[in-house]
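# Architecture and fold: a report
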2 protein chains.
Amino acid sequence: MPADLSTALLTERHRGTLDKALEAISTRAYWTPYPEHPKAYADAEAGKAAFDALLGHRFALDQPGIDAWTGGERSPYGIELGIEYPHPDPDVLLPAMRAAVPAWRDAGPEVRALVCLEILSRINARTHEFAHAVMHTSGQAFTMAFQAGGPHAQDRGLEAVTYAYAEQIRTPQDAAWVKPQGKRDPIALRKSFTAVPRGIGLVIGCNTFPTWNGYPGLFASLATGNAVLVKPHPRAVLPLALTVSVAREVLAEAGFPPDLVSLAADRPGEGLAKTLAVRPEIRIVDYTGSTAFGDWLEANARQAQVYTEKAGVNTVVVDSTDDYRGMLANLAFSLSLYSGQMCTTPQNLLIPRDGISTDAGPKSYDEVVADLAAAVDGLLGDDTRANALLGALVNPEVKARLDASPRIGDVALASRTIAHPDFPDAVVRTPAMIKLDGAKPDAEAAFMSECFGPVSFAVAVDSTGDAVELLRRTIREKGAMTVGGYTTSPEVERQLEEVCWEECAQLSLNLTGGVYVNQTAAFSDFHGSGGNPAANAALCDGAFVANRFRTVEVRRPA
Amino acid sequence: MPADLSTALLTERHRGTLDKALEAISTRAYWTPYPEHPKAYADAEAGKAAFDALLGHRFALDQPGIDAWTGGERSPYGIELGIEYPHPDPDVLLPAMRAAVPAWRDAGPEVRALVCLEILSRINARTHEFAHAVMHTSGQAFTMAFQAGGPHAQDRGLEAVTYAYAEQIRTPQDAAWVKPQGKRDPIALRKSFTAVPRGIGLVIGCNTFPTWNGYPGLFASLATGNAVLVKPHPRAVLPLALTVSVAREVLAEAGFPPDLVSLAADRPGEGLAKTLAVRPEIRIVDYTGSTAFGDWLEANARQAQVYTEKAGVNTVVVDSTDDYRGMLANLAFSLSLYSGQMCTTPQNLLIPRDGISTDAGPKSYDEVVADLAAAVDGLLGDDTRANALLGALVNPEVKARLDASPRIGDVALASRTIAHPDFPDAVVRTPAMIKLDGAKPDAEAAFMSECFGPVSFAVAVDSTGDAVELLRRTIREKGAMTVGGYTTSPEVERQLEEVCWEECAQLSLNLTGGVYVNQTAAFSDFHGSGGNPAANAALCDGAFVANRFRTVEVRRPA
């Protein structure tokens, strides 16, 4: 390869990491090559300066078919980013991307994986810059933007590369096939097997986790030989534009056409994703967002493999606990983190109306609700800590839902406004909790639909058995990215497991320490199951990568 | 397991075979546990007697929800089978099947694989009986019905079990996750991972290869923990009814509910597949048949994963050869086998109008066509051999297409009728070959659609380059299960490879001996690619099994 990044250099840099990642997905023990603590990265000031230098300018990308420049991102913290991005003419860009594919296909699975690791490695080195970009598009607090938008997103990207690589090398490149023919000479064939990509993958980004939710599809498609067109959410373009920029730089240095990874920023109100998703060149779509558009994609982008993560209703069943304070603290954190604006945040807390047994004695439904409200208040009592946990509301729709929530039921915990010392225009709000009676149909209409944002429902149910059945129905009808359960009863544990096995949802039991139901770790935890209405794929497993390429066999006489 | 078939016994019988199969799919060298020669099976007479005993009777299956008995199969060899099969009430049968799933899920991947191998082993032991059933439903000649319907189908079933097993054990059952926390104690979680099935898989069988095309989906779904409902083609019920019967017998002996595998035979003209395919309990559909119904399934069975093998147009590019006689003999066999009624039979032979170079000197287009016609005539000159190769036309539609073919273009090879000594009512016909000019639009209208059956088109093209481009367009627009090529030119080889890599089709080059473009061997060759319009899945690879189950994680503090 006549390129700055030779295969030998890429191998030296990354083959060891790839091997460790392959090991990790088979043991699912704790592992990451990307430290999560900001202090592990030396370039805090340079990263901030790099981010600042982007503001108010055109974002330089030399991809083909630029027919306009578009932008308009406004940070949830109140500042205008003022960045313009290239708008594509699909009739120019898509053929250029398609033309880039054969060279990438011919590189083979290992070189593709190593190039992807170099891309991730350079993104990792710029994590501070990315953190500001994620913070000022998603509204995440800085530390979360740094971790979830940086190393944790990079982990998910690397995990996808690892699965993609493993899948492609399951079939050998060559085989000698010799079939005995009794007394006659055997028949012998020489066979070659080539992993061939589907074409172009379209990644449709989301507002809240542009990198974390974008990287799995991006890297899974790229590592399997496809070109990738990245269509960011109009309010969260920058983190993915930076990603595309790094990918193009690495591809060019490694001797490949940079158009393999391109950006498609849309004009306000254009709905470019809808146009692109049904183009014949687009053979894979990865999408995170609303159920309505996810369903539309599944129904209409029939020429493509469509991977969707949509809305769901996450439930926690509260039956009993031997660590009442730990449970309250853990739940309070889960409800508060990023103002509940995670697809994994619990929404419905199902609590028996006759109360629960705890290590601190029996607690009535009202006591549990009041104690949890107090735990949230305590956690967020200090404004500095509140700001560090909550971040800003990502968009006005979330604020509108929060403001409307007191009309749904009795308010157990009222949302407060927190002032942000650095960003006076940021909308920072503590979560609200609403009491609902699970037996009342009008209450059910509320808690059986997703209320995305910092609103949870403390639902009184007749018994734990009823809670389990309501959990089953919620997963089956509405989907769930996460399920939580607190119980000291082996029988209830078994019931919760059975429901999650049958309805296909990921279950966290009795979390009372520093792991939260809304967080998953790459290489070990699956994000979603792919088996209930919330998502048709899990991050990340064999099914997520196996159909992004096909294997073409050529056989000839030996 | 309080059952006749203990896990220990199943392990003793089949674990070694499973290990060898796992090895085979990774090396893709020649391997099979099921001998293909009829003489390797001792029970020829008993098998025939068992088949005869089925004729004219109700087929005993004690599954729930039988609301009628239906039948009406007539052998392509002219005899009425007179067998009646249970017709299901889906409202009774499907809930019973669903209720059987948790026990099967809890058995785990290894026990499921071993039970599947026991089913296959018992089917293998009854291969003679199955051969008669396949012969008298598909019209295949006995030896082909024996091999393709017997050991080769069993191979494809075992291959699917093997991939399914390998896929499910990629994630460990348990993991210990320990995340360092600097100076504080690490966070430790205990995680379990369970392969959970989607629900019920529906297998929609075809007329021509009821077992060979049915087994991959059936065993892939069953081995991944699903129940399987088998809806055979109304003209080819018996081979799959026998299969269901064996599966139920083994499941019961192994202590599992036999309803995990059930039969759905439809009434004449009922279209039961359409009703079943959109039932909410059906989460997987495997289908082989027409493009029209395959497209309907993909568009409408949205609650299910849908795997389809549909129509395609298979091409052979004839550029040059260093073994002219071998090429002619190989092509003649491919065109004749089972009267061209294979989804893999070549249809369009693209031959440069200026002729080709061969080891026997240059040959004009007309010479190549005449020599190939003569080779077919020679191969089928003896009626006994012709009957053994051709089998009977499977249905009147195939005969109608064959009879209409002389109107399409100049007849290079006319179809003859062969008398069958044992079955006077069998419709046995030699293949027809029609000459067409690839440059003429009306000719293109003919050769660019599938003419299923013993009709091939010798298409004159301006050059090999034109042939390669026509090949590309044919695969892209119509799909292809197979592509053949004959050339002595490394450059043309490379062009053919490039087209097949880009358009995703399986290529056989310069076959002149005892392997034919329309035959694939399990464990080594892929059947279809899953990447062109002829099929959305390949038999068999990771993608064929990975999405038939999902992995549910349960995590708790360690």
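Residues numbered from 1 in each chain as written. Chains lettered and ligands numbered in written order. Predicted model: local features only at pLDDT ≥ 70, side-chain atom pairs only at ≥ 80, totals over all residues. Heavy atoms only, no water.

### Comments concerning the relation of the copies chain A and chain B
Least-squares fitting of chain A to chain B yields an RMSD of 0.0 Å, with the transformation described by 0.0 Å of translation along the axis and a rotation of 180°. What we have between these two chains is a two-fold relation. Across chain A, the smallest distance between a C-alpha and the rotation axis is recorded for Ala543(A), namely 3.3 Å. Interface residue correspondence from chain A to chain B reaches 100%, placing this contact among same-surface, isologous pairings. (Least-squares fit on C-alpha atoms with pLDDT ≥ 70 in both. Contact = heavy atoms within 4.5 Å.)

### What about the packing of helix H3 (residues 90-125) of chain B against helix H8 (residues 238-253) of chain B?
Each pair of packed helices can be described by the angle between their axes along with the distance between the axes. Residue and element names in this part refer to chain B. Between H3 and H8, the least distance of the axes is 10 Å, while the angle of their chain directions is 130°. Relative to H8, H3 is oriented oblique. Considering only the axes of H3 and H8, their crossing is right-handed. Counting all contacts with H3, which are made through Trp 104, Val 115, Glu 118, Ile 119, Arg 122 and Ile 123, the residues of H8 involved are Thr 243, Val 246, Ala 247, Glu 249, Val 250, Leu 251 and Glu 253. Residues that form the contact of H3 with H8 fall into these classes: eight nonpolar, one polar and four charged. (Axes fitted to C-alpha atoms, helices over the stretch in contact; angles between N-to-C directions. Helix = DSSP H or I, 4+ residues; strand = E, 2+ residues; numbered from the N terminus. Parallel < 35°, antiparallel > 145°, perpendicular 65-115°, else oblique. Left-handed = near helix turned anticlockwise from the far one by under 90°. Nonpolar A, V, L, I, M, F, W, Y, C, P; charged D, E, K, R; others polar.)

### Observations regarding the interface of chain A and chain B
Across the boundary between the two partners, chain A contributes 78 residues, which contact 78 residues of chain B. When chain A packs against chain B, the two sides together hide about 6100 Å² of surface, and 47% of this comes from carbon and sulfur. Among the residues of chain A in contact with chain B, Arg170(A), Trp501(A) and Arg555(A) are the three that bury the most area, contributing 13% of the side total. At the boundary of chain A and chain B, one finds 18 salt bridges. Salt-bridge contacts for Arg550(A) lead to Asp541(B); the nearest nitrogen and oxygen are separated by 2.8 Å. The tally of links between chain A and chain B comes to 44 residue pairs in polar contact (both at pLDDT 80 or more). Of the residues that constitute the side of chain A that touches chain B, the class distribution is 36 nonpolar, 17 polar and 25 charged. (Buried area = accessible area lost by both parts, 1.4 Å probe. Salt bridge = Lys/Arg side-chain N within 4 Å of Asp/Glu carboxyl O. Polar contact = N/O pair within 3.5 Å; in protein donor to acceptor, adjacent residues only side chain to side chain.)

### What to know about the pattern of salt bridges
Per the counting criterion, the structure on display carries 86 salt bridges over all chains. Across the pair Asp286(A) and Arg548(A) runs a salt bridge, and its minimum N-O distance is 2.7 Å. Taken together, the residues Asp286(A) in strand E8 (residues 282-288) and Arg548(A) in the loop between helix H18 (542-546) and strand E21 (549-557) connect sequence positions 262 residues apart. Classification of Asp286(A) by relative accessible area gives buried; the value is 7%. Between Arg353(B) and Asp462(B) there is a salt bridge, with its nearest N and O atoms 2.7 Å apart. Taken together, the positions of Arg353(B) in the loop between strand E12 (348-352) and strand E13 (357-358) and Asp462(B) in the loop between strand E18 (455-461) and helix H16 (464-478) put the pair 109 residues apart, joining distant regions of the chain. On the accessibility criterion, Arg353(B) (30% relative accessible area) is partly exposed. Residues participating in the shared-partner salt-bridge network are Arg13(A), Glu118(A), Arg122(A), Glu249(A) and Glu253(A). (Buried < 20%, exposed > 50% of the residue type's maximum accessible area, 1.4 Å probe, protein only.)

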